[in-house]
Number of protein chains: 2
Amino acid sequence: MGSHQKGERGGSSNGSGGGAVVVDKGVDFAQYFCTYAFLYHQKEMLSDRVRMDAYFNAIFENKHHFKGKTVLDVGAGSGILAMWSAQAGARKVYAVEATTMSGHAQALVKANNLQDVVEVLEGSMEDITLPEQVDVIISEWMGYFLLRESMFDSVICARDRWLKPGGVMYPSHARMWMAPIRSGLGDQKKSDYDGSMNDWHAFMEDTKEYYGVDMSVLTKPFSEEQMKYYLQTSLWQNLHPHQVIGTAAIIKEIDCLTATVNDILKVKSDFLSSITLENTRLCGFGGWFDVHFRGSKVNPAQLEIELTTAPSVDNSTHWGQQVFLLHPPVHVSEGDAISVSFTMDRSKENHRLMEVELGCEIKQSSSKQLPPFRNKFYIE
Amino acid sequence: MGSHQKGERGGSSNGSGGGAVVVDKGVDFAQYFCTYAFLYHQKEMLSDRVRMDAYFNAIFENKHHFKGKTVLDVGAGSGILAMWSAQAGARKVYAVEATTMSGHAQALVKANNLQDVVEVLEGSMEDITLPEQVDVIISEWMGYFLLRESMFDSVICARDRWLKPGGVMYPSHARMWMAPIRSGLGDQKKSDYDGSMNDWHAFMEDTKEYYGVDMSVLTKPFSEEQMKYYLQTSLWQNLHPHQVIGTAAIIKEIDCLTATVNDILKVKSDFLSSITLENTRLCGFGGWFDVHFRGSKVNPAQLEIELTTAPSVDNSTHWGQQVFLLHPPVHVSEGDAISVSFTMDRSKENHRLMEVELGCEIKQSSSKQLPPFRNKFYIE
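Keep in mind it's a predicted model, so treat the numbers as computed, not measured.

### Quick look at the domain arrangement of chain A
Residues and elements named next belong to chain A.
- Domain annotation of chain A identifies domain 1 (25-140) and domain 2 (176-182 + 235-379).
- If you average the C-alpha positions of domain 1 and of domain 2, the two centres end up 30 Å apart.
- Each partner contributes to the interface: domain 1 provides 17 residues, whereas domain 2 provides 19 residues.
- In total, domain 1 and domain 2 occlude about 1,400 Å² of area from one another, counting both sides; carbon and sulfur atoms represent 62% of this.
- Counting across the domain 1 and domain 2 interface gives 1 salt bridge.
- Between Asp28 and Arg352 there is a salt bridge, with the nearest N and O atoms lying 2.8 Å from each other.
- Viewed at the interface, domain 2 and domain 1 are joined by 8 residue pairs in polar contact (both at pLDDT 80 or more).
- Going through the elements one at a time, helix 1 (25-31) and helix 3 (49-60) are the ones with two or more residues in the side of domain 1 that touches domain 2.
- Top contributing element to the side of domain 1 that touches domain 2 by residue count: helix 3, with 6 residues.
- By residue class, the composition of the side of domain 1 that touches domain 2 is 7 nonpolar, 5 polar and 5 charged.

Here's what the structure looks like:
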């Protein structure tokens, strides 16, 4: 689930399932979980028809996975997936939700007469104890560009502890994609940045003249802070397909049944993209994801469902895409080859946010080669 | 200093100077302090000319308080007050700052050649140890409507520990004010709320029709959440003096030399206001504050300076005013008497945010009495 987030300081005190990172639960709650306690936020996600249709169809077109089975919904929120699982015939559904939203889930379960099947448990997946293992783990854990929020860690934790051998993951697979794009946004952000620096210079002059203090030693850190904010932070966008100017590439594939936290700590991909638009500007890269509901090899889906967040006119989602802008944009033409090296790691200050390095080499179809560059980005 | 804030969960673990409230330092940092580590935010406050002029004049028109003296700047930020104190002749200035902004303050001190006088200390006032007591404590601690952020607690802690007998507080006094106002904002917020509830009803229908789940049990909690957000949360506004439709009243007075944390835990005031505009709508109440730099009785200022955040055309500040809107507004006329009972307490979830109860009785000059009402508000 995509969610806006503020605050960057992590802390100490409790493991989060792999690696040496310790996460302070209080801080994690104040920065991350708390937004999910708001009905308004749940409603936003429940109003995402593409998202809702995908999970609805994945469940109801594959009732054989649910009929008479036990199900665990990780991060149940309002409990929608848990309720659908029950309606599809599950014998028992455990809906685990860390925030006070669990109270609303409980009320919904009762109001929809599913209380004999669905049991809502308030707490984090890492701390909860279930009375039994389950046949199916269902969860809507995807953040912007798939891994923002690092919620899949909690699904892995649940799977390793509570999924029976031969059990099924919903979704079963996930992929991250990237493609070169054009966008007017880069010009805007550059203009905002320039305006901010002009304002800084005027501010410095005034502060020296009226208040006798020289602020010039802060120009460099200020410009770095502003650069990070305006130019280096990835942006949420609902890209139009026409903005995609080259071939898209898969940069990560995840098998939800077998992936470990270690597998997802780092995303590293070197990929090629070919420009498909005649005479245009490479303004940056767009990133998105898809997930699939295929069941497992031993227990496959009857109807495979796909949920994609690729740029679309009619089927956009609340996830949008994540956009990484280049400054300045580069003129490219059909046939130009873009060689990209992409690396994404978790932020040291906050394991739910990401840091990206994006290196780019452009070989123009005229056989001219532009000097390569490497940019740093932050997914906040 | 006014600052936007997000997040409402408090926690456990460390005292905050009075009362039974324990504050988790990690959470406090993630929710509160972290915004002050940004240069952009410091620049906003440093660009507030009314604020800057008041402190600048308070110091340089009263050099006798600083010449050869020791000074403590609580929550020094960029260190501006500390640097001015040094420039005014202080022998030694301790600038205490809890965030990494202290590093920038240190750089500024050096660049302005004040390192022999100003010592920057990174840490919270509650934890820091100074080598000596001081003659003057200077601080810009005021939040929206004076007490939001509850930063004065830290100033009190500093004063009780580090101010010499006979020492002076900068500012020396603070007052909170309220007045009845008119505003188009209430109509807008009511319209936003109504739109949100209409949207909810459409959402409920769709969810029942397409997804087979009845959300109606959540209508009440959703409306409460939306009401709190749109109608009951105080708003930052820069009021025009023409929007003030009745006499203003002082609802709190603080002597910064003697006030205890207990004195400021609760603001309770019953006051009267007389409508001064002919035929208008009482849309709500505006709240603001002023502070004064008077020195102390034994060591008074030579020139008393006032910093006011009252509605003003030319002298507005980054604090604006806090606006508490009534729904619906009430028609009033010149001479009508408004009797207000105002109570403000700290939020249980977050001691830096406030909860308000505002009771109102209107006696119309035609001797008609409107039914009294009492509204709850949140300062977030």
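Moving on from the coordinates now.
### As for the interface of chain A and chain B
- Taken together, the contact pairs 47 residues of chain A with 46 residues of chain B.
- In total, chain A and chain B occlude about 4,300 Å² of area from one another, counting both sides; carbon and sulfur atoms represent 68% of this.
- For the pair chain A and chain B, the number of links is 2 salt bridges.
- The partner of Asp199 of chain B in a salt bridge is Lys43 of chain A, and the shortest N-O contact between them spans 2.6 Å.
- Taken together, the links from chain A to chain B amount to 16 residue pairs in polar contact (both at pLDDT 80 or more).
- Elements represented by at least two residues in the side of chain A that touches chain B include exactly helix 1, helix 2 (39-46), helix 3, helix 4 (80-87), helix 5 (101-111), helix 7 (185-211) and helix 8 (219-230) of chain A.
- With 6 residues, the single largest contributor to the side of chain A that touches chain B is helix 7 of chain A.

### Some thoughts on the environment of Val313 of chain B
Residues and elements named next belong to chain B.
- Inspection of the secondary structure puts Val313 in the loop between strand 11 (300-308) and strand 12 (321-333).
- Considering only alpha carbons, one finds Val313 and His292, 21 residues apart in sequence, at a separation of 21 Å.
- Not counting the four nearest positions on each side in its chain, Val313 is found in contact with His240 and Pro241.

### Some words on the confidence of the model for chain A
Residue and element names in this part refer to chain A.
- Looking at chain A as a whole, the pLDDT averages 93, with 95% of positions reaching at least 70.
- Across residues 4-19, where pLDDT falls below 50, the model places 51 contacts with residues more than four positions away in sequence or in other chains.
- Reported confidences for the modelled complex are a pTM of 0.92 and an ipTM of 0.91.

### Side note on the side chain of Ser150 of chain A
Residue and element names in this part refer to chain A.
- Tracing the backbone shows Ser150 in the loop between strand 4 (134-139) and helix 6 (152-162).
- Classification of Ser150 by relative accessible area gives buried; the value is 4%.
- Side-chain polar atoms of Ser150 contact the backbone oxygen of His351, separated by 2.8 Å.
- Setting aside residues no more than four positions away along its own chain, Ser150 makes contact with Arg346, His351, Arg352 and Met354.

### Notes on the sheet that holds strand 5 (residues 163-170) of chain A
Residues and elements named next belong to chain A.
- Strand order across the open sheet formed by 5 strands is 3-2-1-4-5, with parallel pairing between neighbours. At either end of the open sheet lies a strand with only one pairing partner, and these are strand 3 (118-122) and strand 5. Mean inter-strand twist for the sheet, computed between neighbouring axes without regard to direction, equals 20°.
- Bridge analysis of strand 2 (residues 92-97) against strand 3 gives 5 bridges, and the strand direction is parallel. From the neighbouring strand, Ala95 faces strand 3, where its bridge partner is Val120.

### Description of the relation of the copies chain A and chain B
- When chain A is fitted to chain B, the best match, at an RMSD of 0.0 Å, comes from turning it 180° and sliding it 0.0 Å along the axis. One copy is carried onto the other by what is essentially a two-fold rotation axis. Relative to the rotation axis, the C-alpha of Val27 of chain A is the closest in chain A, positioned 2.3 Å from it.
- Mapped onto chain B, 98% of the interface residues of chain A again fall at the interface, so both copies present the same surface.

Definitions and limits used
- Residues numbered from 1 in each chain as written.
- Chains lettered and ligands numbered in written order.
- Predicted model: local features only at pLDDT ≥ 70, side-chain atom pairs only at ≥ 80, totals over all residues.
- Heavy atoms only, no water.
- Domains from an automatic or database assignment.
- Contact = heavy atoms within 4.5 Å.
- Buried area = accessible area lost by both parts, 1.4 Å probe.
- Salt bridge = Lys/Arg side-chain N within 4 Å of Asp/Glu carboxyl O.
- Polar contact = N/O pair within 3.5 Å; in protein donor to acceptor, adjacent residues only side chain to side chain.
- Helix = DSSP H or I, 4+ residues; strand = E, 2+ residues; numbered from the N terminus.
- Nonpolar A, V, L, I, M, F, W, Y, C, P; charged D, E, K, R; others polar.
- pLDDT = per-residue confidence, 0-100.
- Buried < 20%, exposed > 50% of the residue type's maximum accessible area, 1.4 Å probe, protein only.
- Pairing = 2+ DSSP bridges.
- Axes fitted to C-alpha atoms, helices over the stretch in contact; angles between N-to-C directions.
- Least-squares fit on C-alpha atoms with pLDDT ≥ 70 in both.

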